[in-house]
Amino acid sequence: MASLFLRPAKTDDEPFLWSMLYEASHAAEQGTPTPDDLRAVPELARYVEKWGTKGDLGVVGGASAEQLQGAAWIRLFDKENAGYGYVADDIPELAIATTPAARGTGLGTALLARLLDNTRTRYDGMSLSVRADNPARRLYTRLGFVEVAGSEIINRAGTTSLAMLLRFR
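One numbering rule holds for all chains: residues counted from 1, following each sequence as written. Local features in a predicted model are, by the rule used here, given only for residues with pLDDT of at least 70; side-chain atom pairs are given and counted only at 80 or more, and totals for whole chains, interfaces and linings are based on all residues. Side-chain measures here rest on the full set of heavy atoms in the structure, leaving out hydrogens and waters.

A run of DSSP states H or I qualifies as a helix once it reaches four residues; a run of E qualifies as a strand once it reaches two. Both are numbered from the N-terminal end. Assignment of secondary structure puts isoleucine 153 in strand β7 (residues 153-154). Between buried and exposed lies partly exposed: a residue is buried under 20% and exposed over 50% of the maximum accessible area for its type, with that area taken using a 1.4 Å probe on protein chains only. Judged by relative accessible area, which is 33%, isoleucine 153 ranks as partly exposed. If sequence neighbours within four positions are ignored, isoleucine 153 has contacts with Tyr84, Thr159, Thr160 and Ser161. Only heavy atoms enter the contact rule, under which two residues are in contact if any of them lie within 4.5 Å.

Structural data, given as structure tokens:
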């Protein structure tokens, strides 16, 4: 991608975030037909439902403002409504995805780098959940995320996922 368009995620980006959650969660692999069907999966819906509430922060981008192809966003969870990468009530959890056509173009890296810059002044860190065999783990490690010991779980697809944490201070 020669030139990338990036901007802060807005409340009215919620439909696009649902489509990105669909990509991030590999929902099609589990037989979930459409992004809208994720609304009925509470453990996934919590990542987007009512986007724009206090603590939500994200970046969307793509080839242009009219052609969004990816998003990276964070959301705070608490122990009673923990996400897959939950580590603490005051550490937001990352969700990130690009469309299949934008994978390998640098868009995901650009989205995450911008979100990290925007997050550093607000929170002490950021967590995420990633499949153990996901090549994106190398990116997360390169950016300073470390594996949270004992966080391995069997995910919805029947493979292993783990939590990673990046401390800003």
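Back to the text.
Let us look at helix α3 (residues 107-119). For α3, spanning 13 residues, the distance from its first C-alpha to its last is 18 Å, which sits close to the expected 18 Å at 1.5 Å a residue. Listed in full, the buried residues belonging to α3 are Leu107, Gly108, Leu111, Leu112, Leu115, Leu116 and Thr119. An end-on view of α3 places all buried positions within 165° of arc, on one side of the element. Expected helix span is computed as 1.5 Å times (number of residues minus one). Read the arc as the range of directions from the helix axis to the C-beta atoms.

In terms of burial, strand β5 (residues 125-131) is a largely internal element, six of the seven residues being buried. DSSP bridges decide pairing: two strands pair if at least two such bridges lie between them. Bridge count between β5 and strand β8 (residues 160-167): seven bridges; the pairing is antiparallel. Bridged to valine 130 within β8 is leucine 162.

Take the packing of aromatic side chains next. Within 6.5 Å between ring centres, the rings of Phe, Tyr and Trp (the latter by its six-membered ring) count as paired, and their orientation is classed by plane angle as stacked under 30 degrees, edge-to-face over 60, tilted in between. For the coordinates displayed, the defined rule picks out three aromatic pairs. An angle of 70° between the planes, with centres 5.2 Å apart, marks the rings of tyrosine 47 and phenylalanine 77 as edge-to-face. Within this pair, whereas tyrosine 47 is found in the loop between α2 (42-45) and β2 (57-64), its partner phenylalanine 77 is found in the loop between β3 (67-75) and β4 (93-98), the two being separated by 30 residues in sequence. Accessibility assignment for this pair places tyrosine 47 and phenylalanine 77 in one class, buried. Connected via pairs of aromatic rings, a cluster forms that spans Tyr47, Phe77 and Tyr84.

A word on the pairing of β2. Most of β2 is tucked away, with six of its eight residues classed as buried. Bridge count between strand β1 (residues 5-8) and β2: four bridges; the pairing is antiparallel. Note on β2: the bridge partner recorded for arginine 7 is valine 60. Pairing of β2 with β3 involves seven bridges; the strand directions are antiparallel. Note on β3: the bridge partner recorded for valine 60 is alanine 71.

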